[in-house]
Amino acid sequence: PIEKETIAGALAKDHRKVQNLWNGSEEDLDQALGQADLILTNPPFATVKGMASEQKMFLKKYYPDANCDTCVAFLDRIYELLAPKGACGLVSQNAWMHLKSFSGIRKRFISQYKIEKIVNLGSGAFWDLSGEKSNVSLLVLGKSGEKEHCIEVANLEDRSLREKIEILSQEKETYLQIEQSEIDGVNGFDFSGKGALKRIEKSEKLYRDMAVPMQGTSTGNAKKLVGFFWEHFKDPKWKLVSKGGGYCRWEGLNCSVVKWGTDGEYIKKEPGSALRNAKYFPDTQLVFSDTGTAGLNVRILLKNQIFIASGPGIRVKQGNEYAHMAFLNSRIASWYIRMLSPKLTIAAGYISQLPIKDSIVTSVILEKNAKLCVELKRKFLSIRPHNVEYDAGCLNVNSKDVNECAWRLFHADLENELLKLEIEDQIDRYLLNEFHISAEEELQIEAQMGKCAYCIQGEQEIEVSKLDDYLEKLLDCACTLKRTRTSKRSLGSDGILEFAAKDLNVNPEFLVKEIRKKPLAYKNVLGKYRNLLLHNEILERMGYHVRDGFFKERISAKEAADYLKGKYDLDFEPLEWLEQEFNAVHTGIFKGAPCLTCEKGEIKTYAYHVESENIPLCAETL
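Read on for an overview of the structure. (Residues numbered from 1 in each chain as written. Predicted model: local features only at pLDDT ≥ 70, side-chain atom pairs only at ≥ 80, totals over all residues. Heavy atoms only, no water.)

**Things to note about helix α21 (residues 557–567)**
Here's step 1: Inspection of α21 places Ala-557, Ala-560, Ala-561, Tyr-563 and Leu-564 among the buried residues, and these make up the whole buried set. The buried residues of α21 occupy an angular sector of 155° when the element is viewed end-on, so they sit on one face. Facing away from the buried side of α21, by more than 90 degrees, are the exposed residues Lys-558 and Gly-566. (Buried < 20%, exposed > 50% of the residue type's maximum accessible area, 1.4 Å probe, protein only. Helix = DSSP H or I, 4+ residues; strand = E, 2+ residues; numbered from the N terminus. Arc of directions from axis to C-beta.)

This is how it looks when you write it as structure tokens:
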């Protein structure tokens, strides 16, 4: 541009003069850029966040429908610059295709442009921007032509960068054919291929008709007001809370407490806090995690438990809460969430927009299956002492061989999880039938959300030592899964068997059968279960209870070692185990906030100074 002011650039609409670098002449900007047969560009993705005030004012004045999104403004401008039969190909950010704030300009683009192709690349689409999170698409748009046609759509968001390049360069991808007039729904572009979401939205109720997903309370200072229950034994000011913060279905994540008092008075004092939906605590049945990339995950709210922002609540109005939970934990619910929000953002507003049927929330079959899943998950939690579901009676494994006992705990976890996966598959089958999802649409669900773990058919030769190392690396000190997702396209895994089945592409039932053939050969895994078992025996010896804490404040390490010797035939010296390994095992199980320590020949409790910063101090020093 000849003028010094360059904020507008190619978006300018003031007939400014530019210089033709080819012949040196001055031309009007629209004359220089207009009447283009073809425009290829990668417009800037700048949005209102962090945008200079001058640029913001310019976009609001000349491109009011673009919501201060530079990329959308370029889409608007390009239409004006094309010749009557011109076309453009560009890299575009995806937000305008889905967010409600762009609904107006989205409708205009559909009426103006003939959309030839959309290739959804998702994030990670640039060689020189590793880890970038911008969700982008490649678009081919024409200015003229029949709008009543099928758009070719390819969804590559879950592929690696190399796969994306290979597919596009060799045209391997089979494009879905979607009617241009049908691509835009009330929640943005629907890339399902058959308009399933739009079809169901027209014929079914929305989830907000059946239940109320609610925001949780913001404490304003989680470090000060949220802790673990073992840091606040017998303190009535601290109440059990659903904190969320992780992927967990059916039941779990019940290890936190919040300093509530009688009516949230401690939270009210904190700057930036917000007490939300507290009056509905007694009427709330379900909670969910607001971390979204692994999929929607919903749990039962325990008796006298409250919820906060990271673990918001759901109040059921119609139907049975277990039937609700069966639907919400299904792959189809997470699939709909992803169509509503491509980044799989889990928020109360998106859950409210899920399609639902009366027959689903009142289903006795779904209710029964969900209750079974909750019971199986509760059994898993019952041997992990950092959960309020912990039950020391579950330690009774009726054998003196410690390795045999460790195997029984490991095997019980595998058996229970396998049954849970089978029941979850039955729930999926039921819901697919209720929603009349076709086989082709089911394949689209699998492409975006992965296959239900129980349905994976792969089998392969198992090398015990390698599988032992693999499984051991997946387990933390409490023998729970460290990771949740095997890939971008996979939903979260709720257990080690589900994760291994997805990651190795092996049928979970086949995997369990193979492990059973040589149970005691999995020495690394059994070593972790053995540590968990012996650790829990020490808790039992000290009278540990999730509500009351410890009956004994201390016992000698020798007494503890003799106790373990009396219960089990050990092939190692338990006193050395207590002195060398117990503290690390205990700290790992109790999430880095230990309530016991073994030192100087004693195992003793920590006393927590609750009014400071929950810093553990040894009882001996108080």
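**Quick look at the pattern of salt bridges**
Working definition: two side chains of opposite charge can pair if their charged atoms are close together.
Here's step 1: Inspection of the entire model under this criterion finds 36 salt bridges.
Here's step 2: For Lys-205, the salt bridge goes to Asp-358, with nearest N and O atoms at 3.1 Å. Of this pair, Lys-205 sits in strand β11 (residues 205–206) while Asp-358 sits in helix α13 (residues 358–361), and the two are 153 residues apart along the sequence.
Here's step 3: Classification of Lys-205 as partly exposed rests on a relative accessible area of 35%.
Here's step 4: Residue Asp-358 is classed as partly exposed on the basis of its relative accessible area, which comes to 34%.
Here's step 5: Among the charged side chains, a network of salt bridges with common partners joins Arg-249, Lys-377, Lys-420, Glu-424, Asp-494, Glu-498 and Lys-502. (Salt bridge = Lys/Arg side-chain N within 4 Å of Asp/Glu carboxyl O.)

**What to know about helix α15 (residues 402–434)**
Here's step 1: Between the first and last C-alpha of α15 there are 48 Å, a value that for 33 residues agrees with the 48 Å anticipated at 1.5 Å per step.
Here's step 2: Residue Asp-401 occupies the N-cap position of α15, its side-chain oxygen lying 2.9 Å from the main-chain nitrogen of Asn-403.
Here's step 3: Downstream of α15 by a residue or two, His-436 has a phi angle that is positive, lying close to 55°. (Expected span 1.5 Å × (residues − 1). Polar contact = N/O pair within 3.5 Å; in protein donor to acceptor, adjacent residues only side chain to side chain.)

**Considering the packing of helix α18 (residues 496–504) against helix α19 (residues 508–517)**
Here's step 1: At a minimum axis distance of 9 Å, the contact between α18 and α19 shows a crossing angle of 110°. For the element pair α18 / α19, the angle class is roughly perpendicular. Within the contact between the two elements, α18 uses Leu-497, Ala-500 and Ala-501 and α19 uses Pro-508, Leu-511 and Val-512.
Here's step 2: Residues that form the contact of α18 with α19 fall into these classes: six nonpolar, no polar and no charged. (Axes fitted to C-alpha atoms, helices over the stretch in contact; angles between N-to-C directions. Parallel < 35°, antiparallel > 145°, perpendicular 65-115°, else oblique. Contact = heavy atoms within 4.5 Å. Nonpolar A, V, L, I, M, F, W, Y, C, P; charged D, E, K, R; others polar.)

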